[in-house]
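Each chain, written out:
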Amino acid sequence: MDWTLITFVTFKALVLGTGMFFAIKWHYDQGTKEKDRAKETRAVLRAGSKVAVVFVLSLVALVLVTFVLATKLGLDLNFP
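Residues numbered from 1 in each chain as written. Predicted model: local features only at pLDDT ≥ 70, side-chain atom pairs only at ≥ 80, totals over all residues. Heavy atoms only, no water.

K.L.:
Before we move on, could you go through the overall build of the protein and cite the residues and values that matter?
P.N.:
When helices and strands are tallied, the protein shows 2 helices and 0 strands. Taken over C-alpha atoms, the radius of gyration comes to 25 Å for the protein, far larger than the 12 Å a tight globule of 80 residues would show. Considering the protein as a whole, with its 80 residues, one finds that 1% of them fall into the buried category. If you sum the accessible surface of the protein, you get close to 7700 Å²; carbon and sulfur atoms cover 74% of it. Positive and negative side-chain charges in the protein, numbering 10 and 6 respectively, have mean positions lying 8 Å apart. (Helix = DSSP H or I, 4+ residues; strand = E, 2+ residues; numbered from the N terminus. Rg over C-alpha atoms; globule rule 2.2 N^0.38 Å. Buried < 20%, exposed > 50% of the residue type's maximum accessible area, 1.4 Å probe, protein only. Areas by Shrake-Rupley, 256 points an atom, 1.4 Å probe, with all protein chains shown as cover. Lys, Arg positive; Asp, Glu negative; His and termini not counted. Charge placed at Lys NZ, Arg CZ, Asp CG, Glu CD.)

Next comes the structure, spelled out in structure tokens:
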């Protein structure tokens, strides 16, 4: 008998079962919360905008570093 298959299927069943349990528990807990939804919405929007700003700044920094490195290596960056 192939013990590898039995081990992997058992592991997969345990991981999926644990994940389903915590997903159901989290959704149940979210439904029972009595919080101010407006405060929560503002916090989520603020966090999302911070992530977007960090992403754009990282992208700009990456482009600048790429152009500086390409120039130092002597690559031709002129548009045709």
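Further notes follow.
K.L.:
Residues and numbers for a positive patch on the surface, please.
P.N.:
A cluster of basic side chains, namely Lys-39, Arg-42, Arg-46 and Lys-50, defines a positive patch on the protein surface. For Lys-39, the position within the fold is in helix α2 (residues 37-72). (Patch = residues over 30% accessible without salt bridge, like charges linked within 9 Å, V, L, I, M, F, W, Y side chains within 5 Å. Salt bridge = Lys/Arg side-chain N within 4 Å of Asp/Glu carboxyl O.)

K.L.:
Could you give an account of the environment of Thr-32, with specific residues and numbers?
P.N.:
Counting through the fold element by element, Thr-32 comes out in helix α1 (residues 3-32). Classification of Thr-32 as partly exposed rests on a relative accessible area of 46%. C-alpha of Thr-32 to C-alpha of Arg-46: the two residues are 14 residues apart in sequence and 24 Å apart in space.

K.L.:
Got a sec to walk through the environment of Thr-41? Specific residues and values, please.
P.N.:
Residue placement: Thr-41 occurs in helix α2. For Thr-41 and Phe-22, which are 19 residues apart along the polypeptide, the C-alpha to C-alpha distance reads 24 Å.

K.L.:
Describe α2, naming the residues involved and giving the relevant values.
P.N.:
Helix length check: α2 (36 residues) gives 52 Å between terminal C-alpha atoms against 52 Å at 1.5 Å per residue, within 8%. At the C-terminal side of α2, Gly-74 shows a positive phi close to 85°. (Expected span 1.5 Å × (residues − 1).)

K.L.:
Now, about a nonpolar patch on the surface: what can you tell me, with residues and values included?
P.N.:
The grouping of Phe-55, Val-56, Leu-59, Val-60, Leu-62, Val-63, Leu-64, Phe-67, Leu-69, Leu-73, Leu-75 and Leu-77 at the surface amounts to a nonpolar patch, some 1200 Å² of accessible area in total. Positionally, Phe-67 belongs in helix α2. Accessibility expressed as a relative area gives 45% for Phe-67, which makes it partly exposed.

K.L.:
Summarise the pattern of salt bridges; cite the residues concerned and give the values.
P.N.:
Following the criterion strictly, the structure yields 1 salt bridge and no others. Asp-29 is the salt-bridge partner of Lys-25, the closest N and O atoms lying 3.1 Å from each other. Linking Lys-25 with Asp-29, this pair stays in helix α1, spanning 4 residues, or about one helical turn. What makes Asp-29 partly exposed here is its relative accessible area of 29%.

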